[in-house]
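Descriptive structure summary
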Amino acid sequence: MRIARLLGTVLGTTLLTTTAVLTAPAQAGPAAPRDAVSLDGPALRDSLDAVHEAGMYGVFSSVRDGGERWTGASGVADVATGRPVTPDMRQRVGSISKTFTAVGIMQQVERGRIRLDAPVGDYLPDLIPGERGRQITVRMLLNHTSGIGDYILSAFPSLAKGSTDSLEEERFRSIRPAELVRMGLAAPATGRPGAVPGSYSNTNYVIAGLLLEKVTGQKAGAYLTRHVIDRAGLRHTSLPRTPYIKGPHPRMYESWFGVLDPPRDFSVYDMSWASTAGSVVSTTDDLNRFYRALLGGKLVGKASVDEMTRTVPVSGLDYGLGIYALELRGCGRFWGHDGAVFGAGTIALSSRDGKRQVALAQNLMKYQELDEDGRPKQHPIDDAVARYVVRALCPDAPASGINPSRLTKSLRFDQLSH
């Protein structure tokens, strides 16, 4: 089956990650200084509309430049009723959750309860026993160099057979984090612990959540709510404990590369399968606020931010500790994450000083067709999303300096995991 072949090439990168990661051209040079440019609302509006016109059901976004803020939305939140999307809607943000979890771990590093380069077996000997527990460090979990495989195919077994039956059958299933880890540890290893390039795996961040619980004595969701979400001043961000999202939100449509036709609504879903790797719900404005607080040293100290922004190559990304870097020639280096769950894709990027930011959310996923080799074809939506992100982050960049078509080749909104 074509989808089964696709799984072999892309699933290891992300399910919870949309991974709509905008990657800069390979030959991008050092970041050039850029003068502050005020937000061009009409241009941003036109660019966001272009995403909807390219076929996206609904898209909404928040952009910041210093003290200026622009928000916009285009398209529908519900295709049946025509209810429009609005900029303040909540959305499942998938692997952006990993940055939240990494912040929680770094806070405990600062308190001396966790050592980044200590074996994870020192803290969780029963969860990861033996040689693996001795070889894999906390840092390796956070930067995806642990070599631990992903649990997605075990959690949704029909996907390996080219079927989406598991997605519907498991809609209300509750699964414990330790079981997800067991599945991941049973999957084929992706490499030797510590070896680069690393391989993106959601299992790493489920383990990180259990580590956070072990050293704090609190449930990970409760800890992250109090010490990360509340501390950052986020008013519309949460880790829901039910399949339902409270507050205004769009329906979330999954096409699964045309297998689900018409696309199916997965906005009601038990997200225990994503755990601390991808279950956060937020708004685009809150995401910008979160990354501004993180990079500005309000959640962890400067030394911790420096550790988080030390990158290694991971599945085509320059990945740090729960955060990755995107270089745009002539514009600078941006930091953030992206995420994808069934029916929802989100990306959030910020300049290192937190002044220039964009967060974008969409409610239709895996809309691409597959080629004869089972790989997603470039879709006009992909180009439109890339052009919007470039417009938001680099309004003064020369048109010849950035190739949106090349950028979308590393945007992973077509991936099967967050």
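Refer to the preceding data block for the structure.
Let me begin by describing the structure that accompanies this report.

**Quick word on the packing of helix α3 (residues 97-110) against helix α9 (residues 202-216)**
- At a minimum axis distance of 10 Å, the contact between α3 and α9 shows a crossing angle of 35°. The two elements α3 and α9 cross, and the hand of that crossing is left-handed. In this structure, α3 contributes K98, T101, A102, G104, I105 and Q108 to the contact, and α9 contributes N202, Y205, A208, G209, L211, L212, V215 and T216.
- By residue class, the composition of the contact of α3 with α9 is seven nonpolar, six polar and one charged.

**A short note on the sheet that holds strand β2 (residues 68-75)**
- Spatial ordering of the open sheet is given by β2-β1-β12-β11-β10-β9-β8-β7, a layout of eight strands whose pairing is antiparallel. Each edge of the sheet is formed by a strand with only one pairing partner; in this case those strands are β2 and β7 (312-314). Across the sheet, the mean angle separating the axes of adjacent strands is 25° when strand polarity is ignored.
- Relative to strand β12 (residues 356-362), strand β11 (residues 344-351) runs antiparallel, the two being bridged by six bridges. Paired with I347 across the bridge in β12 is L360.

**Some details on the sheet that holds strand β4 (residues 253-254)**
- Taken in spatial order, the three strands line up as β5-β4-β13 in an open sheet, and their pairing is mixed. Lying at the two open borders of the sheet, with one neighbouring strand each, are β5 (264-265) and β13 (364-365).
- Taken together, the two bridges between β4 and β13 define a ladder with parallel strand orientation. Each bridged residue has a counterpart across the sheet, and for Y253 the counterpart in β13 is L364.

**Section: the nonpolar core**
- Counting 111 residues, the largest nonpolar core has F100, F156, W273, L294, M308, L349 and Y388 as its most contacted members.
- A73, V85, M89 and A361 belong to the second-largest nonpolar core, a separate cluster that totals six residues.

**Some details on the pattern of salt bridges**
- With the rule as written, the count across this model stands at 19 salt bridges.
- In this structure, E168 and R171 form a salt bridge, with 2.9 Å as the shortest nitrogen-oxygen distance.
- You can call E168 partly exposed: its relative accessible area is 31%.
- Here the salt bridges share partners, and the residues they tie into one network are D117, R139, E307 and R310.

**Examining the packing of α9 against helix α10 (residues 220-229)**
- In the contact formed by α9 and α10, the axes pass within 9 Å of each other and the chain directions differ by 80°. Here α10 runs roughly perpendicular to α9, going by the angle between their axes. Touching G209, L212, E213 and T216 of α9 are A220, Y223 and L224, all from α10.

**Details of α10**
- Within the span of α10, buried status applies to A220, Y223, L224, H227, V228 and I229. Mapping the buried residues of α10 onto a view down its axis gives an arc of 160°, with all of them on the same face.
- On its buried side, α10 packs onto α3, α9, α11 (275-278) and α12 (284-295).

**With respect to the side chain of H337**
- With respect to the helices, strands and loops of the structure, H337 is situated in strand β10 (residues 332-341).
- Looking at H337, its side chain comes within polar contact range of the main-chain oxygen of S95, at 3.5 Å.

**Some words on the environment of A155**
- Inspection of the secondary structure assignment puts A155 in helix α6 (residues 152-155).
- Distance from A155 to L167, taken between C-alpha atoms, is 9.6 Å for residues twelve residues apart in sequence.
- Beyond its immediate chain neighbours, meaning those up to four positions away, A155 contacts E170, R173 and M183.

**Considerations on the packing of aromatic side chains**
- Under the defined criterion, the tally for this structure stands at eleven aromatic pairs.
- Each ring, one from Y200 and one from Y319, has its centre 6.1 Å from the other, and the planes form 85°; the classification is edge-to-face. With Y200 in the loop between α8 (177-186) and α9 and Y319 in strand β8 (residues 317-319), this pair connects stretches of sequence that are 119 residues apart. Of the two residues examined, Y200 and Y319, each falls in the buried class.
- Summarising the aromatic geometry, the rings of W256 and F257 are spaced 6.1 Å apart at their centres and angled 65° between planes, so their arrangement reads as edge-to-face.

Each value, and the rule that gives it
Residues numbered from 1 in each chain as written. Predicted model: local features only at pLDDT ≥ 70, side-chain atom pairs only at ≥ 80, totals over all residues. Heavy atoms only, no water. Axes fitted to C-alpha atoms, helices over the stretch in contact; angles between N-to-C directions. Helix = DSSP H or I, 4+ residues; strand = E, 2+ residues; numbered from the N terminus. Left-handed = near helix turned anticlockwise from the far one by under 90°. Contact = heavy atoms within 4.5 Å. Nonpolar A, V, L, I, M, F, W, Y, C, P; charged D, E, K, R; others polar. Pairing = 2+ DSSP bridges. Core = buried A, V, L, I, M, F, W, Y, C linked by side-chain atoms within 4.5 Å. Buried < 20%, exposed > 50% of the residue type's maximum accessible area, 1.4 Å probe, protein only. Salt bridge = Lys/Arg side-chain N within 4 Å of Asp/Glu carboxyl O. Parallel < 35°, antiparallel > 145°, perpendicular 65-115°, else oblique. Arc of directions from axis to C-beta. Polar contact = N/O pair within 3.5 Å; in protein donor to acceptor, adjacent residues only side chain to side chain. Phe/Tyr/Trp six-rings, centres within 6.5 Å; stacked < 30°, edge-to-face > 60°.

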